[in-house]
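Given next are the chains, with one letter for each unit.
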Amino acid sequence: MLDKSLREFTELASSKAPVPGGGGVSAFAGALAASLAEMVTSLTAGKKKYRQYEAEIQDIMQETEQLRILLLECINRDAEAFAPLAKAYGMDKEAEGYAERMESCLVEAARPPYEMMKDCCRVIELDERLAEIGSKLAVSDAATSVMLAHGALYGAAVNVFVNTRLMKDREYADKTDVEVERLVSEYGLRALNCYQKVWERIKG
């Protein structure tokens, strides 16, 4: 999936093809969010005006690069995790081992979007700091980044829920749901607050 051009990726996303779906698109949005956060560090690093933050900017630059790579990899991981589930949906529900296979597939399909969520939360955390110390010439990109991460977070969350709702192991599913809801509630608000902070900084 990562070898697709932007045109091919969006054409697939708009088609009847099973992937990329909401999970893969959310991962891509998250990767773009990380990319823009990294861009802010690139445009801030080495500037005399922000010299006091240079070491921190360099650390954030390295971490946003890692997050960009991780989120891009989640596009493929999400597609790979969905394939067995799609096959399981086509099985005879009365077939021997159906319930166990379906449960296993649901658990595996929920993992990539859950990991995306955690990565997006970290992007939001880094954007919060960049909103304060990033170059004013690039801080609008931090705002764009944080809102992309916000959207990716919500998209990933619903792709966890769509799997947990069907799990038979309700203890595991409910525990996962509680954590997903916590992340959405906390980081969704933090992203919006970060955007507002950048807005106010730009307006002066």
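This one's a predicted model, so the numbers in the text were calculated from it and none came from an experiment.

J.: Kindly report on the packing of helix α4 (residues 98–133) against helix α6 (residues 170–203), identifying the contributing residues and their values.
T.: For the pair α4 and α6, the least separation of the axes is 9 Å and the interaxial angle reads 25 degrees. By the criterion of interaxial angle, the relationship of α4 to α6 is roughly parallel. The two elements α4 and α6 cross, and the hand of that crossing is left-handed. In the contact of α4 with α6, the residues fall into 16 nonpolar, no polar and 10 charged.

J.: Just give me the short version of the nonpolar core, but keep the residues and values in it.
T.: Counting residues in each nonpolar core, the largest one holds 54 residues, and the members touching the most others are Met 117, Val 123, Ile 124, Leu 130 and Leu 153. Every element with two or more residues in this core is listed here: α2 (22–44), α3 (54–89), α4, α5 (139–164) and α6. For this core, the element with the highest residue contribution is α4, accounting for 17 residues.

J.: Which residues make up the side chain of Asp 119, and what values go with them?
T.: Examined against the element boundaries, Asp 119 turns out to sit in helix α4. For the buried Asp 119, no salt bridge is present, and the opposite-charge side chain at shortest range is Arg 77, 6.4 Å distant.

J.: Please set out the pattern of salt bridges residue by residue, giving values where relevant.
T.: Under the criterion given, the structure shown has 14 salt bridges. Across the pair Arg 68 and Glu 38 runs a salt bridge, and its minimum N-O distance is 3.2 Å. On the criterion of sequence distance, the pair formed by Arg 68 in helix α3 and Glu 38 in helix α2 is long-range, its members being 30 residues apart. Look at Arg 68 and you get partly exposed, because its relative accessible area is 23%. Among the residues examined, Glu 38 registers a relative accessible area of 14% and is labelled buried. Arg 111 serves as the salt-bridge partner of Glu 108, at 3.0 Å between the closest nitrogen and oxygen. Placement of the pair is Glu 108 and Arg 111 together in helix α4, with a separation of 3 residues, close to one helical turn. For Arg 111, a relative accessible area of 38% puts it in the partly exposed group.

What counts and how
- Residues numbered from 1 in each chain as written.
- Predicted model: local features only at pLDDT ≥ 70, side-chain atom pairs only at ≥ 80, totals over all residues.
- Heavy atoms only, no water.
- Axes fitted to C-alpha atoms, helices over the stretch in contact; angles between N-to-C directions.
- Helix = DSSP H or I, 4+ residues; strand = E, 2+ residues; numbered from the N terminus.
- Parallel < 35°, antiparallel > 145°, perpendicular 65-115°, else oblique.
- Left-handed = near helix turned anticlockwise from the far one by under 90°.
- Nonpolar A, V, L, I, M, F, W, Y, C, P; charged D, E, K, R; others polar.
- Core = buried A, V, L, I, M, F, W, Y, C linked by side-chain atoms within 4.5 Å.
- Buried < 20%, exposed > 50% of the residue type's maximum accessible area, 1.4 Å probe, protein only.
- Lys, Arg positive; Asp, Glu negative; His and termini not counted.
- Salt bridge = Lys/Arg side-chain N within 4 Å of Asp/Glu carboxyl O.

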